[in-house]
Amino acid sequence: MWRFVLVFLIFAGLAPMVPDLLEKHIGKTEPGASKPIRVEKSAGDRMHLVSADRRGQFVADVELNGRSVEMLVDTGATATALPVSVAEMVGIFPKGKDFKYRIGTANGVTLGARATIDRLKIGAIYLRDIEAIVLRDKSLREPLLGMSALNQLDRFDISDGTLVLVQ
């Protein structure tokens, strides 16, 4: 009889912890969702979340070579792209003769210069040696965080208006 009482007391003491344990191991179900949402994260993962702005675009605060820059995350852009003014601000100084690569943009075809961003930091994520293209300011209004940077991540996805970046 005492064994049953002891087992009952142990289970009664553990019962309040069950919901937390289930949430960690099974996942959270959002209201109205049919499946649990599961975010798996290993001990070495670095993650950064970017919420969509009112236009539905993802604009991230990024450090390029130690300088703070606001960038539009563009999964349709092959390369990370910087206007000349931003490139110079972060220590990249292309010469006139460097603008020799034909680049297709939303505004048409223009010439760009190849460059490398030494260090890129977004939240807890650190990337190095990012291939980039520098365009004249009239061809590109805002810097784009393109696939040359995003491909260095372990993964990225969009869920419920939030861009999840994982390294």
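Throughout this description, residue numbers start from 1 for each chain and increase along the sequence as written. Reporting in this predicted model follows two pLDDT cut-offs: at least 70 for local features of residues, and 80 or more for side-chain atom pairs to be given and counted; totals over whole chains, interfaces and linings ignore these cut-offs and use all residues. Hydrogens and water are ignored here; the side-chain numbers use all heavy atoms of the structure.

Here we come to the overall build of the protein. For the protein, the helix and strand inventory stands at 4 helices and 10 strands. When the helices and strands of the protein are read in sequence order from the N terminus, they spell out α-α-β-β-β-β-α-β-β-β-β-α-β-β. Relative to its 167 residues, the protein shows a buried fraction of 34%. Residues are treated as being in contact if the distance between any of their heavy atoms lies within 4.5 Å. Within the protein, residue pairs in contact and separated by at least 24 positions form 55% of the contacts whose partners lie at least 6 positions apart. Computed by Shrake-Rupley with a 1.4 Å probe, the accessible areas treat only the displayed protein chains as cover when residues are assessed. As displayed, the protein has an accessible area near 11,300 Å², and 54% of this comes from carbon and sulfur atoms. Helix and strand definitions here come from DSSP, where helices need a minimum of 4 consecutive H or I residues and strands a minimum of 2 consecutive E residues; each element is numbered from the N-terminal end. Here's how the labels work: a residue is buried when its accessible area is under 20% of the maximum for its type, exposed when over 50%, partly exposed in between, all with a 1.4 Å probe on protein chains only.

In this section: the environment of Gln57. Inspection of the secondary structure puts Gln57 in the loop between β1 (47-51) and β2 (59-64). Along the sequence, Gln57 and Val73 sit 16 residues apart, while their C-alpha atoms lie 7.6 Å from each other. If we ignore the near neighbours within four places in the chain, the residues touching Gln57 are Ser51, Ala52 and Leu72. Side-chain polar atoms of Gln57 contact the side chain of Arg55, separated by 3.0 Å. What qualifies as a polar contact is a pair of N or O atoms within 3.5 Å, subject to a donor-acceptor requirement within protein and to the restriction that residues adjacent in sequence count only when both atoms come from side chains.

Of the residues in the protein, 74% have a pLDDT of 70 or more, and the chain-wide mean is 83. Every residue in residues 4-9 is under pLDDT 50, and counting partners more than four places away or in other chains gives 0 contacts. Values of pLDDT, ranging from 0 to 100, describe the predictor's confidence in every residue of the model.

The next point concerns the packing of aromatic side chains. Pairing of aromatic rings covers Phe, Tyr and Trp, the last through its six-membered ring, and needs centres within 6.5 Å; plane angles under 30 degrees mean stacked, over 60 mean edge-to-face, and all others mean tilted. Applying the stated criterion across every chain, the model contains 0 aromatic pairs. Only when the NZ atom of a Lys or the CZ atom of an Arg is both within 6 Å of the ring centre and within 35 degrees of the ring normal do we say a charge sits over the ring. Seen from the ring of Tyr101, Arg114 lies directly overhead, with NZ or CZ sitting 5.0 Å from the centre. Its end group placed over the ring of Phe99, Arg136 keeps NZ or CZ at 3.9 Å from the ring centre.

Attention now goes to the pairing of strand β10 (residues 162-166). When you tally the buried positions in β10, you get 5 out of 5 residues, the bulk of the element. Side chains Thr162, Val164 and Val166 of β10 all project onto a buried face; the interleaved residues Leu163 and Leu165 project onto the opposite face, where all are buried too. As judged from the 5 bridges shared by β1 and β10, these two strands associate in the antiparallel manner. Each residue of the ladder has a partner; that of Leu49, found in β10, is Val164. Should DSSP find at least two bridges between two strands, the strands are regarded as paired. When strand β9 (residues 155-159) meets β10, the two strands line up antiparallel, connected through 5 bridges. Across the sheet, residue Ile158 finds its bridge partner in β10, namely Leu163. In sequence, β9 turns back onto β10 through a hairpin of 2 residues, with Asp160 there showing a positive phi of about 50 degrees.

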